[in-house]
Each structure stands twice: as C-alpha cells, then as structure tokens.
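Below, each chain spelled out in residue letters.
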Amino acid sequence: MTRLKLKKLEEYLQCVDGFEKPKLLLEQYPTPPHIAACMTHCMQEQHDDIEGKLVADLGSGCGMLSIGATLLGAQLTIGFELDDAAVDTFRQNVVDMELPNVDCIRADVLHLPGSKWDKAFDTVVMNPPFGTKHNAGMDMRFLDVGMRLATGAVYSLHKTSTRAYIQKKSKEWGARGKVVAELRYNLEASYKFHKQKSKDIEVDFWRFDLSEL
Ligand SMILES: C[S@@+](CC[C@H](N)C(=O)[O-])C[C@H]1O[C@@H](n2cnc3c(N)ncnc32)[C@H](O)[C@@H]1O
C-alpha cells in the first residue's frame, strides 16, 4: 500500500466534520487535524502500529483519529462513542470520505471491559476527556480500558502535569509507557464561557507498549 504523506493526511483530516453542538460535560472538542495527523502518522511510521492492524478509538467523537488510522491502512477501525449526535457525524464523515473498514459503535467506554472487546484490538488510540468537568480521573479510566482492549500498544493524550502519575500507573499495569511527543494543544473556544479566544495547554502524547508481557 502506498504510504500517505503527513501533509496529505492532514489535508484529508481537515475535511472531517466536527461536533455540531459540542457537549461541555462530555469534553467534546475534536483533535485538531494537524495533531491527529502527527499522532497517527507517528503510530504507523515509527512503530508500525496501524497498517493491517485492528484499531480501536475510545471516545471517538466525530472520527478524527479513527479516520486517520483508516487512511493509514488499518485493517479495521472501530470507534466507541457515548453521544448519538457524534456517532451520526462520525458515520456521515465515513460515508462522505468513502472509507471502508471503519465504523462507530455507540457505547460507554467505561462499560467495555469484560465484554467481547477484551484484547480484541492490536492498537488502541484515544484523546480522552481530561476529567476537568466534575469527572476527575476520567482520562485514567479511559486509559485503563485501553489496556484491557489492546494486545499491542495504547496511545493517548494527557496533560503534562500528570506525567509522573501516569508513569507510575503504567508500571502497575505492566506496560512500558513512554512520552512520544510533547504538544501544545490549542483548545479552541468551542464553549461560550471561555474568555480567551483559545487556550494552549501542555499535553503529552503517550505510547504504552503491551507486547511480550
Ligand atoms: C476530547 S473528545 C475527543 C474526540 C475524538 N476522539 C477526537 O479525537 O476528535 C472526547 C470524546 O469522548 C466522548 N466521551 C466522553 N465520555 C465518554 C464515555 N464514557 N464513553 C464514550 N465516549 C465518551 C465525548 O463525547 C467526546 O466525543
């Protein structure tokens, strides 16, 4: 398969429609196309974790990361998303872009462990809710689910301020966690109460290696 170049991948991801009416409590904001392209491109080019693989996207929203994985040759990509409207937009994006082998399932990510999805995926990717809306620790709960669903690697974004804690948890899970990139994440003013037009936060892009454990 011809590998998609990073720039081309970003161009495609710019066509992914986002949340029509973002829900504050679900922390609904799409991963910006540039960041999503860099994440998925790195997953494939540096770690060979996408092409031909079974990929899950937890809290998949409108499909930004799922579509990135699909464009880079995943054998099958499944997004899991709680919100009906986001599931609909995800599916419409997939139809509009004429992409095969990708779908979104409406599900609460926290209810996935113990289901048929345990260890069903080679690779799990997520941009989880950071847990800033009366749901502290939500990103860690998502990460825990990722560890249960994947056999190969889990990729996730977390605030840099939580780095030491995540490294400690990673050891407890028996995973080899590594910060792959440090990002400045531009959280756009999707919500009315934001006073600034946009807000940069420091975010780590993590890879957790589960192979040969
Ligand atoms: C930060 S957004 C990321 C969206 C998308 N993955 C992306 O990268 O553009 C987090 C997503 O998680 C979803 N979400 C929040 N809690 C959830 C839960 N318990 N189960 C499934 N999805 C959830 C939200 O609706 C939202 O779409």
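Just so it is clear, the structure is predicted and the values come from calculations on it, not from any experiment.

Trainee: Help me understand the nonpolar core, please; the structure alone is not making it clear to me.
Mentor: If you look at soluble globular proteins, the nonpolar side chains tend to sit buried side by side. With 37 residues, the main nonpolar core has Leu-13, Ile-67, Leu-71, Leu-157 and Phe-205 as its most contacted residues. The set of elements that each furnish at least two residues to this core consists of α1 (6-13), α2 (33-45), α3 (64-71), α4 (84-96), β3 (102-106), β5 (150-159), β6 (176-188) and β7 (198-209). Sort the elements by how many residues they give to this core and α2 lands first, with six residues. The next biggest cluster of nonpolar side chains, apart from the first, holds 25 residues, and it includes Val-124, Met-138, Phe-142 and Ile-166.

Trainee: I'm lost on unusual backbone geometry in this one. Help?
Mentor: Backbone phi values are negative for most residues with the exception of glycine, while trans is the configuration of most peptide bonds. The phi dihedral of Glu-98 is positive, around 55 degrees, even though this residue is not glycine. Tracing the backbone through its elements, the reader meets Glu-98 in the loop between α4 and β3. The exposure class of Glu-98 is exposed, given its relative accessible area of 69%. In this structure, Asn-101 is a non-glycine residue whose phi angle is positive, near 60 degrees. Along the chain, Asn-101 turns up in the loop between α4 and β3.

Trainee: Any chance you could explain the site of the ligand here in plain terms?
Mentor: The environment of the ligand is made up of 20 residues, and the closest members are Thr-31, Gly-59, Glu-81, Asp-108 and Val-109. At 3.5 Å, a backbone N or O of Ser-60 approaches a nitrogen atom of the ligand. Within the contact set of the ligand, a nitrogen atom lies 3.3 Å away from a backbone nitrogen or oxygen of Leu-82. Burial of the ligand by the surrounding chains reaches 98%, relative to a free accessible area of 590 Å². In terms of residue class, the shell around the ligand is built from 11 nonpolar, six polar and three charged.

Trainee: Before we go on, may I ask you to explain the environment of Ile-201 in this structure?
Mentor: Structurally, the position occupied by Ile-201 is in strand β7. Looking at Ile-201, the relative accessible area reads 15%, which means it is buried. Setting aside residues no more than four positions away along its own chain, Ile-201 makes contact with Phe-130, Leu-183, Arg-184 and Tyr-185.

Trainee: Mind showing me how you'd approach helix α5 (residues 138-149) here?
Mentor: With 12 residues, α5 extends 17 Å between its outermost C-alpha atoms, agreeing within 8% with the 16 Å of an ideal straight helix rising 1.5 Å per residue. Within α5, nine of the 12 residues are buried, leaving the element largely enclosed by the surrounding structure.

Trainee: Looking at this model, I keep getting lost on the packing of aromatic side chains. Mind explaining?
Mentor: Centre distance and the angle of the planes are the two values used to describe a pair of aromatic rings. All chains considered together, the criterion is met by five aromatic pairs. Between Phe-80 and Phe-121, the ring centres sit 6.1 Å apart and the planes meet at 85 degrees, which makes this aromatic pair edge-to-face. Placement of the pair is Phe-80 in strand β2 (residues 76-81) and Phe-121 in strand β4 (residues 121-126), with a sequence separation of 41 residues. The pair Phe-80 / Phe-121 is uniform in exposure class, with both members buried. Ring plane angle 20 degrees and centroid distance 5.6 Å describe the contact between Trp-117 and Phe-121, whose orientation is recorded as stacked. Like Trp-117, the residue Phe-121 is buried in the burial classification. An aromatic cluster is defined as three or more aromatic residues linked by ring pairs; in this entry it consists of Phe-80, Trp-117 and Phe-121. The ring of Trp-173 carries the charged tip of Lys-169 above its face, separated from the ring centre by 5.5 Å.

Trainee: Could you clarify how one ought to interpret the packing of α1 against α3 in this entry?
Mentor: For any two helices packed against each other, one specifies the crossing angle of their axes together with the interaxial distance. Interhelical geometry of α1 versus α3 gives an angle of 135 degrees and a closest axis separation of 10 Å. Taken together, α1 and α3 sit at an angle that is classed as oblique. Both α1 and α3 take part in a crossing whose hand is right-handed. Mapping the contact onto sequence places Leu-9, Tyr-12 and Leu-13 in α1 and Met-64, Ile-67, Gly-68 and Leu-71 in α3. Split into classes, the residues belonging to the contact of α1 with α3 amount to six nonpolar, one polar and no charged.

Conventions we followed
Residues numbered from 1 in each chain as written. Predicted model: local features only at pLDDT ≥ 70, side-chain atom pairs only at ≥ 80, totals over all residues. Heavy atoms only, no water. Core = buried A, V, L, I, M, F, W, Y, C linked by side-chain atoms within 4.5 Å. Buried < 20%, exposed > 50% of the residue type's maximum accessible area, 1.4 Å probe, protein only. Helix = DSSP H or I, 4+ residues; strand = E, 2+ residues; numbered from the N terminus. Near = heavy atom within 4 Å. Polar contact = N/O pair within 3.5 Å; in protein donor to acceptor, adjacent residues only side chain to side chain. Areas by Shrake-Rupley, 256 points an atom, 1.4 Å probe, with all protein chains shown as cover. Nonpolar A, V, L, I, M, F, W, Y, C, P; charged D, E, K, R; others polar. Contact = heavy atoms within 4.5 Å. Expected span 1.5 Å × (residues − 1). Phe/Tyr/Trp six-rings, centres within 6.5 Å; stacked < 30°, edge-to-face > 60°. Lys NZ or Arg CZ within 6 Å of the ring centre and 35° of its normal. Axes fitted to C-alpha atoms, helices over the stretch in contact; angles between N-to-C directions. Parallel < 35°, antiparallel > 145°, perpendicular 65-115°, else oblique. Left-handed = near helix turned anticlockwise from the far one by under 90°.

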